[in-house]
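# A closer look at the structure
Each chain, letter by letter, is given below.
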Amino acid sequence: MPLKDKLDMYKGVETVWGKIIPEKEAYKYALRQISSFCANLFQVMRILEPDYEKRTEAICEIAYDMNMSASSEEYLNSYYDEWNIPEFCERSSWLGAIFGDSGDEYENMAGRVIQFTRDRVEKELDTCPWDIVGSELCNMTTAMFTANFDLCSVNNTENEVSLNMCEARGCGDMHCRVVAERRDVFNLPKQGWLDHMGTPARECHVTPRERMVKEGQLLRNGVYSNAFGEEKTLEWAYRWVAEKGWVWSVSFPLVAIRDMASSDEEFERIFKIVFSTAGKNAFIDPFAVEGMRSWLGVPREIDDNDGRLMGGYIKTQLDTQLVPNELVRFDADEVRIKVQPESFNGRFPMAPIDELTTGFEALWHNMVKTMVSPEWSCWFEGKDDDDMFIIVGKKIDKKMI
Amino acid sequence: MALSVDSKVKELMKNPQAADIMERYSPGFKTDKQMKLVQALTFRALAKFPQANISDETLDAIDKELAELG
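Residues numbered from 1 in each chain as written. Chains lettered and ligands numbered in written order. Predicted model: local features only at pLDDT ≥ 70, side-chain atom pairs only at ≥ 80, totals over all residues.

Bringing the sheet that holds strand E3 (residues 111-116) of chain A into the picture now. Residues and elements named next belong to chain A. With antiparallel pairing, four strands are arranged side by side in an open sheet as E3-E4-E6-E5. Each edge of the open sheet is held by one strand with a lone partner, namely E3 and strand E5 (161-167). Ignoring which end each strand starts from, the neighbouring axes of this sheet average 10° apart. Sheet analysis places strand E4 (residues 120-125) next to strand E6 (residues 176-182), joined by six bridges and oriented antiparallel. The residue of E6 that forms the bridge with Val-121 is Ala-180. (Pairing = 2+ DSSP bridges. Helix = DSSP H or I, 4+ residues; strand = E, 2+ residues; numbered from the N terminus. Axes fitted to C-alpha atoms, helices over the stretch in contact; angles between N-to-C directions.)

The structure is reproduced here in structure tokens:
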């Protein structure tokens with residue numbers, strides 16, 4: 001047999017230094033970065049609203065409203081078609097679980113459907129990239145599930161189930177577990193926003209640790225297959241999370257969190273402080289920088305006090321998050337990356353997030369202080385223009401924070 | 001800065017007179033929670049989405065009234 005003509009082709013992100021980050025790794029990294037931004041945002045929320053119940057209810061209400069209002073009858077009909085849901089399936093709340101299961105798998109929340117029947121649905125998750133955020137988010141997802149179940153209910157307005165996230169990775173449990181049981185069948189009461197972490201009526205099935213999975217179907221099999229056999233590819237899901245991951249876990253809670261501040265200025269002040277702190281801490285350990293160098297394939301010619309470390313890191317982040325960008329300068333004095341605010345903030349074009357600019361600028365400006373040295377800064381120019389420039393350079397500012 | 005349809009939705013929301021104008025042309029502008037999701041868009045950009053259901057003529061009329069606010 002003759003030699004191959006050329007190497008096989010694989011999808012991936014190429015770093016500035018030529019190291020290839022495979023598609024699957026890039027996808028996992030992007031998910032975790034969205035989760036990290038969400039975790040920082042939730043710290044802002046905890047400062048602005050010290051009461052756990054109040055803040056949790058606030059984000060639950062918003063997430064529910066947004067999920068409900070984004071979905072029309074037309075949307076629902078296309079949903080039945082998209083998922084190949086047979087006509088003979090009773091159109092009631094249990095079908096809402098299809099939303100939940102697909103969303104989980106798109107976001108590498110690996111696990112399994114334990115039961116999927118008209119009267120009871122049980123889903124068990126072994127991993128969750130958002131497990132660092134905190135249980136307010138776990139509660140918020142139950143509000144989103146409530147919307148899913150309401151939309152799929154007989155009258156499209158009020159669901160027929162009692163919903164419980166009786167285990168949550170974010171609370172330290174081995175699994176996340178969501179159980180929806182028909183209230184009329186199991187004689188259960190209607191719930192309030194903070195009632196969704198109770199115990200289900202019927203006993204759950206617990207998958208033992210040795211049979212747990214570390215990755216979702218997309219990474220294990222390359223496709224996600226739903227209960228009716230419809231499939232989505234990793235490529236499709238990657239694009240979906242690059243848009244929608246920001247919407248549900250950042251845009252939705254942001255609407256409520258902004259309202260928790262006494263003014264826009266106060267919100268922005270605290271927001272910047274939290275993201276600055278997160279940035280400073282990201283590379284405080286010297287071995288973290290070593291790990292990053294290895295991951296990006298940084299050659300030894302690039303020494304410890306070189307802004308290209310930060311520039312190469314930022315470019316890889318943008319690439320893994322599918323944000324179009326152009327490296328217009330990359331030398332020992334400065335790195336300059338061109339992006340469009342329209343795509344940098346508008347991952348989901350209909351709901352741009354200006355806080356992505358504010359947050360990443362605060363994060364990266366402080367990150368470069370520990371990743372490289374305090375001589376270096378990161379700032380954005382042209383925030384209100386068609387082109388925005390992310391700059392890594394040396395700067396002296398006597399009031400630098 | 002003078003307001004126009006090229007202002008962001010959040011800037012239009014902050015000005016009570018502008019918000020009233022927007023509400024007249026686009027009912028729900030002041031009350032629909034969905035508007036908080038799109039507040040970083042300019043109104044012109046928002047109007048491009050079919051869901052907004054805003055014609056070019058309406059957009060021009062809104063722009064004219066906003067300009068009169070000074």
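Alright, that's what it looks like, and here's the rest.
Residues and elements named next belong to chain A. Running from N to C, helix H1 (residues 23-48) and helix H8 (residues 234-260) cross one another at 5°; their axes reach a closest spacing of 10 Å. Put simply, H1 runs roughly parallel to H8. In contact with Glu-23, Tyr-27, Ala-30, Leu-31, Ile-34, Phe-37, Cys-38, Leu-41, Val-44, Met-45 and Leu-48 of H1, H8 contributes Leu-234, Tyr-238, Val-241, Ala-242, Gly-245, Trp-246, Ser-249, Val-250, Pro-253, Leu-254, Ile-257 and Met-260. Grouping the constituent residues of the contact of H1 with H8 by class yields 20 nonpolar, two polar and one charged. (Parallel < 35°, antiparallel > 145°, perpendicular 65-115°, else oblique. Contact = placed C-beta atoms within 7 Å. Nonpolar A, V, L, I, M, F, W, Y, C, P; charged D, E, K, R; others polar.)

Let's shift gears to the packing of helix H2 (residues 52-69) of chain A against helix H5 (residues 135-151) of chain A. Any two packed helices are characterised by the angle at which their axes cross and by the distance between the axes. All names here are of chain A. Between H2 and H5, whose axes approach to 8 Å, the crossing angle comes to 30°. Classified by the angle between their axes, H2 and H5 sit roughly parallel to one another. Regarding H2 and H5, the two cross each other, and that crossing is right-handed. The segment H2 lies against H5, with Arg-55, Thr-56, Ile-59, Cys-60, Ala-63, Tyr-64, Asn-67 and Met-68 engaging Glu-136, Asn-139, Met-140, Ala-143, Met-144, Thr-146, Ala-147, Asn-148, Asp-150 and Leu-151. Taken together, the residues of the contact of H2 with H5 break down into 10 nonpolar, five polar and three charged. (Left-handed = near helix turned anticlockwise from the far one by under 90°.)

Once that is clear, we can look at the sheet that holds strand E11 (residues 376-381) of chain A. Residue and element names in this part refer to chain A. Strands sit in the order E9-E10-E12-E11 across an open sheet of four strands; the sheet is antiparallel. Every interior strand has two partners, whereas the edge strands, strand E9 (326-330) and E11, have only one. The mean inter-strand angle of the sheet, taken between neighbouring strand axes irrespective of direction, is 15°. Of the pairings in the sheet, the one linking E9 to strand E10 (residues 334-339) comprises four bridges and is antiparallel in character. Paired with Phe-330 across the bridge in E10 is Val-335. Along the sheet, helix H11 (residues 308-320) makes contact with E9, E10, E11 and strand E12 (388-394), crossing E10 at roughly 20°. Along the sheet, helix H13 (residues 355-371) makes contact with E11 and E12, crossing E11 at roughly 160°.

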